[in-house]
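# What the coordinates show
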Amino acid sequence: MPCPSSCPPGLLALMAPGLALMAAFSLPSQAGDRRAMPVEKPSGVKGRTLILLDVNTKSPVRIISENFLSLQLDPSIIHDGWLDFLSSRRLVTLARGLAPAFLRFAGKRTDFLQFHNVKNPAKSRGGPGPDYYLKNYEDARSLDKLYNFADCSGLHLIFALNALRRNPNNSWNSSNALSLLKYSASKKYNISWELGNEPNNYRTLIGRSVNGSQLGKDYTQLRSLMQLIRTYSRAHLYGPNIGRPRKNVIAFLEGFMKVAGGTVDAVTWQHYYIDGRVAKVTDFLKTRLLDTLSDQIRKIQKVVNTYTPGKKIWLEGVGTTSAGGMNNLSDSYAAGFLWLNTLGLLASQGIDVVVRHSFLDHGHNHLVDQNFNPLPDYWLSLLYKRLIGPKVLAIHVAGLQRKPRPGRVIRDKLRIYAHCTSYHNHNYVRGSITLYIINLHRSRKKIKLAGTLRDKIVHQYLLQPYGKDGLHSKLVQLNGQPLAMVDDGTLPELKPRPLRAGRTLVIPPLTMSFYVVKNVNALACRYR
């Protein structure tokens, strides 16, 4: 199937998890040394400068996947039984902007889909559309469109199979999945696979539960099926895609890992921060909310490392709010604080991939709306993809307040993360470093680059809301210029604002920003 015409053939921060800045007044001399040392105020730094920042450039603390920021399409995107919109040139352009990435096709409707190889679906919109079957069936033409969209966009498709087709003894009935596997193999589709979506919640969905050990057996059965089909004998398999790791969900995961921990290529779970039905804009500014993810990461890592030490972990299905989100909140500029912090926190704690739910038109958590217009989180994701490489670097911070307050200087309302600059960005030579900063304060903050970063030219990418709606805005500006697509086949140029060498970084209140420190020649960043 042809593509649309546009498709081309340092050390962790010692005082806080996730590299969030905490009250620190000294630069440690080594990883294990937390003793306070006197900080001399460098000449030329005004007394009101708050932060002295350096980065460990010798070696990365983590290396994440090239596909770290990935995407999800929910089956509920199907409207009126049609998938024709996936052929949209504009949509392919938007998706390609976030490549390389995985494209996960899964959601609550996953476990109600069945595959039918319908050879002659109705062609007229007067009757059932060719994708009518995707409401309860996955027909061959629908799968072709889905795969073609992913392929043209430079994304690798992950397809979640229906886990709720059950035999009388509650074992998985794999007959329909086998038909889909065989069809995909006949087309030589390069697909990775999953089984089910949030299986710990099946009792709520259908009044029938599947425990972790049984799902583990089902995954083992699926792996055996894949090995029978040459095309998929070495394909990747991911799961179990559990929900928030409460006590019962952790027990579910333990049962699964005992049986199928060695069967899956990565262990996956989901996370939504707040109930979208009651969210307020101030919720997105709460540091306590931003930190809820850290505890979940530790719980998942503890179980995984108990049964399969070193196994990769993915956060596969993340959104700012549950219940589909809330208009003018989870699709606004304000939601970006949670999203960017999620990316920084997961990377710093070694989570290999994060899958954003959803790329397109699912409630109000999406990156692209139903009219194919990019929302603030899309532009934030695009900047991340363009500027951030897979190597995570440690930061060193110190406070330089004129009158230090007891306890907290900036607490964690100013969050700073550091990576090697993306190797795919040819505007910067290897060895450059990218900082990304979240300022949740209602006042501007100043950062003075020190050590290896001192006196280097810096490129600023400051993302702010555009228009009168403020934090509720669905439009954004980059360095003062509104961001919008040039045309259906062209994304805008993301132009930096050059800052002179040695200049103090001034971070406006309630903003997100990226800073590329050029020509650092960082040893950690010279080679892939």
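One structure accompanies this document, and this report is about it.

Here we come to the packing of aromatic side chains. Scanning the entire structure with this criterion turns up 17 aromatic pairs. Taken together, a centroid distance of 4.9 Å and an interplanar angle of 35 degrees make the contact between F102 and W314 tilted. Of this pair, F102 sits in strand β4 (residues 101-105) while W314 sits in strand β11 (residues 312-322); the two residues are 212 residues apart in sequence, bridging distant segments of the chain. Residue F102 shares its accessibility class with W314, and that shared class is buried.

Membership of the largest hydrophobic core comes to 123 residues, with the highest contact counts inside it found for W193, F359 and Y384. In terms of residue count, the dominant contributor to this core is helix α9 (residues 336-348) (eight residues). Residues in contact with W193, not counting those within four places in the same chain, are F159, L161, L180, L181, S184, M226, Y232, A235, H236, L237 and Y238. Listed in part, the 27 residues of the second largest apolar core include L53, L453, I507 and V520.

Here the focus is helix α3 (residues 175-186). Its 12 residues place the ends of α3 17 Å apart at the C-alpha level, agreeing with the 16 Å of an ideal helix rising 1.5 Å per residue. Of the positions making up α3, those classed as buried are N176, A177, L180, L181, Y183, S184 and A185.

A few words on a nonpolar patch on the surface. On the surface, a nonpolar cluster with roughly 220 Å² of combined accessible area is contributed by F112, L205 and I206. Position of I206 among the secondary structure elements: in helix α4 (residues 202-206).

What the rule picks out here adds up to one disulfide. One disulfide in the model links C420 with C525; its S-S distance is 2.0 Å. Measuring handedness by torsion sign, the sulfur bridge of C420 and C525 sits at about -80 degrees and is left-handed. Linking C420 in strand β15 (residues 414-421) with C525 in the segment after β23 (511-517), this pair joins segments that are 105 residues apart in sequence. By relative accessible area, C420 is classed as buried at 1%.

Before going further, it helps to spend a moment on the sheet that holds strand β22 (residues 505-507). Strand order across the open sheet formed by four strands is β14-β1-β17-β22, with mixed pairing between neighbours. The sheet is open, and its two edges are formed by β14 (395-399) and β22, each paired on a single side. Each strand axis lies, on average, 30 degrees off the axis of its neighbour in the sheet, ignoring direction. Relative to strand β17 (residues 445-449), strand β1 (residues 51-55) runs parallel, the two being bridged by three bridges. Counted as the bridge partner of L52 is K448 from β17.

Reading the values: the criteria
Sequence order sets the numbering: in each chain, residues are counted from 1 along the sequence as written. Since the coordinates come from a predicted model, pLDDT governs what is reported: local features require at least 70, and pairs of side-chain atoms require 80 or more to be given and counted, while whole-chain, interface and lining totals use all residues. For the side-chain quantities, the full set of heavy atoms in the structure was used; hydrogens and water were omitted. Here the aromatic set is Phe, Tyr and Trp, taking the six-membered ring for Trp, and pairing holds for ring centres within 6.5 Å; pairs whose planes are under 30 degrees apart are stacked, those over 60 apart are edge-to-face, and all others are tilted. Think of it this way: any DSSP run of H or I at least four residues long counts as a helix, any run of E at least two long counts as a strand, and we number them from the N terminus. Each residue gets one of three labels from its accessible area relative to the maximum for its type: buried under 20%, exposed over 50%, partly exposed in between, using a 1.4 Å probe on protein chains only. Buried residues of nine kinds, namely Ala, Val, Leu, Ile, Met, Phe, Trp, Tyr and Cys, make up a nonpolar core once their side-chain atoms join them within 4.5 Å. Between two residues, a contact is recorded if the distance between any of their heavy atoms is within 4.5 Å. Helices are assigned an expected span. That span is 1.5 Å times one less than the residue count. Each patch is built from salt-bridge-free residues with over 30% relative accessible area, joining like charges within 9 Å and nonpolar side chains (Val, Leu, Ile, Met, Phe, Trp, Tyr) within 5 Å. Values of accessible area rely on a 1.4 Å probe in the Shrake-Rupley scheme; residue burial ignores everything except the protein chains shown. Counted as salt bridges are all cases of a side-chain nitrogen of Lys or Arg within 4 Å of a carboxyl oxygen of Asp or Glu. Put simply, a disulfide is two cysteine sulfurs that come within 2.5 Å. We treat two strands as partners when DSSP finds at least two bridges between them. Between N-to-C directions, angles span 0 to 180 degrees; the directions come from axes that are lines fitted to C-alpha atoms, helices contributing only their stretch in contact.

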